[in-house]
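# Descriptive analysis of the structure
Here are the chains, one letter per residue:
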Amino acid sequence: MNDEAIQQIYAVIHGVPAGRLCSYGKVAELAGLPGQARYVGRLLSHLPKDTRLPWFRIVNSQGKISLPPNSESYRRQLTHLIEESSADESGKLFWRQCRWPD
């Protein structure tokens, strides 16, 4: 992908409001890259740990975290989502209520 496509993906993710969830596929679609959900996931996997981009608001199309449940990254994402009230302590994401865009 070119830099413009990457910037479009970042812009969409940056625009996901706090407390809302968006799927990888919807991010790709909104960035003008339909069918590129896996690319969005790959791109996010390479973000630096201290990124300010709200990567944690992006989940799979079933409304679940795609990371291995026992991983540090999974726990970090879930913690962020709990803080924003889009998930609970058990790991349940409030996909129907928090899906963005409506």
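About the cut-offs
The written sequence of each chain sets the order in which its residues are numbered from 1. Under the rules for a predicted model, residues below a pLDDT of 70 receive no local features and side-chain atom pairs below 80 are neither given nor counted, while totals for whole chains, interfaces and linings still include all residues. Note that the side-chain values use all heavy atoms of the structure and ignore hydrogens as well as water. Helix and strand labels come from DSSP, where a helix needs a run of H or I of at least four residues and a strand needs a run of E of at least two; each type is numbered from the N terminus. Atoms counted for the radius of gyration: C-alpha only. Globule rule: 2.2 Å times residue count to the power 0.38. For the exposure calls, accessible area comes from a 1.4 Å probe over protein chains only, and a residue counts as buried if that area is under 20% of its type's maximum, exposed if over 50%, partly exposed in between. Here, two residues are considered to be in contact whenever any of their heavy atoms come within 4.5 Å of each other. In short, Shrake-Rupley with a 1.4 Å probe defines the accessible areas, and a residue's cover is counted only from the protein chains shown. What qualifies as a polar contact is a pair of N or O atoms within 3.5 Å, subject to a donor-acceptor requirement within protein and to the restriction that residues adjacent in sequence count only when both atoms come from side chains. Aromatic contacts are taken between Phe, Tyr and Trp rings whose centres are within 6.5 Å, Trp giving its six-membered ring; a plane angle under 30 degrees counts as stacked, one over 60 as edge-to-face, and the others as tilted. Definitions used for this entry: grid spacing 1 Å over protein atoms alone; cavity, a set of points where a 1.4 Å probe fits but cannot get out; pocket, an open set with protein on both sides within 12 Å along at least 5 of 7 lines; lining residue, one with an atom within 4 Å of a point. Grid points are joined across faces, edges and corners, and a volume is the space filled by probe spheres set on the points. Any residue that is not Ala, Val, Leu, Ile, Met, Phe, Trp, Tyr, Cys, Pro, Asp, Glu, Lys or Arg is counted as polar, Gly included; the first ten are nonpolar and the last four charged.

Our next topic: the overall build of the chain. Looking only at helices and strands, one finds five helices and two strands in the chain. Overall, the chain shows an N-to-C arrangement of helices and strands of α-β-α-α-β-α-α. Since a compact globule built from 102 residues should have a radius of gyration of about 13 Å, the 13 Å found for the chain is in line with a globular shape. Summarising its shape, the C-alpha atoms of the chain cover approximately 40 × 30 × 20 Å along the three principal directions. Classification of the 102 residues of the chain by burial places 41% in the buried group. Taking the contacts inside the chain whose residues are at least 6 apart along the sequence as the reference set, 59% of them involve residues at least 24 apart. Summing over all exposed atoms, the chain offers an accessible surface of approximately 6300 Å²; the carbon and sulfur share of this is 49%.

Right, let's get into the environment of Thr 51. Within the secondary structure layout, Thr 51 lies in the loop between helix H3 (37–45) and strand E2 (58–59). Sequence-wise, Thr 51 and Ser 71 are 20 residues apart; in three dimensions their C-alpha atoms are separated by 19 Å. A polar contact is formed between the side chain of Thr 51 and the backbone nitrogen of Leu 53, at a distance of 3.1 Å.

Turning to the packing of aromatic side chains, a few remarks are in order. Inspection of every chain in the model, using the stated rule, returns one aromatic pair. On the basis of an interplanar angle of 85 degrees and a centroid distance of 5.9 Å, the ring pair of Trp 55 and Phe 56 is categorised as edge-to-face. With respect to class, Trp 55 is no different from Phe 56; both count as buried.

Bringing the layout of surface pockets into the picture now. Space inside the largest pocket adds up to approximately 290 Å³. Together, 16 residues line the largest pocket, and Leu 44, Ser 45, Trp 55, Leu 67 and Ser 73 are the ones closest to its centre. Looking at the lining of the largest pocket, the elements with two or more residues in it are H3 and helix H4 (72–83). A breakdown of the residues in the lining of the largest pocket according to their chemical character gives eight nonpolar, six polar and two charged.

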